[in-house]
Amino acid sequence: MDKQASAKINRLNRIEGQVRGVTQMVKDDRYCIDILHQIQAIRSALAKVESQVLKDHAACCIAEAIASGDESEQRVKFEELVELMERARK
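Residues numbered from 1 in each chain as written. Predicted model: local features only at pLDDT ≥ 70, side-chain atom pairs only at ≥ 80, totals over all residues. Heavy atoms only, no water.

A. Region of interest: the nonpolar core. If you look at the biggest cluster of nonpolar residues, it comprises seven residues: I15, V22, M25, I35, I42, A45 and V49. Secondary structure elements with two or more residues in this core: α1 (3-27) and α2 (32-68). (Core = buried A, V, L, I, M, F, W, Y, C linked by side-chain atoms within 4.5 Å. Buried < 20%, exposed > 50% of the residue type's maximum accessible area, 1.4 Å probe, protein only. Helix = DSSP H or I, 4+ residues; strand = E, 2+ residues; numbered from the N terminus.)

Here it is, written out as structure tokens:
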């Protein structure tokens, strides 16, 4: 496993812990605003992981498709990104 993958896994493990913490907060009937602050922190952390995965995809998979000169493969990678962005809007 490379350094970038390890960093993403560490971040995801922290997020997992945060989610468990929010679950406990709900069970403990903690103040709603405190729970919402933690949920926002989780969303922000997930967005950072998502951004890094997207950058890795562009640097690796898309770059390889472009370098290959294969228009079909380039089109597939482009369509994957468009579909991903469309789903994110919903």
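Now that the structure has been shown, we can carry on.
B. Summary view of the packing of α2 against helix α3 (residues 71-89). Where α2 contacts α3, the two axes come as close as 8 Å, and the packing angle between them is 155°. By the angle between their directions, the pair α2 and α3 is classed as roughly antiparallel. Note on packing geometry: the crossing formed by α2 with α3 is left-handed. Taken together, the residues of α3 that come into contact with α2 (itself represented by L54, H57, C61, I62, A65 and I66) are E73, Q74, K77, E80, L81 and M85. Of the residues that constitute the contact of α2 with α3, the class distribution is seven nonpolar, two polar and three charged. (Axes fitted to C-alpha atoms, helices over the stretch in contact; angles between N-to-C directions. Parallel < 35°, antiparallel > 145°, perpendicular 65-115°, else oblique. Left-handed = near helix turned anticlockwise from the far one by under 90°. Contact = heavy atoms within 4.5 Å. Nonpolar A, V, L, I, M, F, W, Y, C, P; charged D, E, K, R; others polar.)

Treat this as a map of the structure, not an account of what it does.
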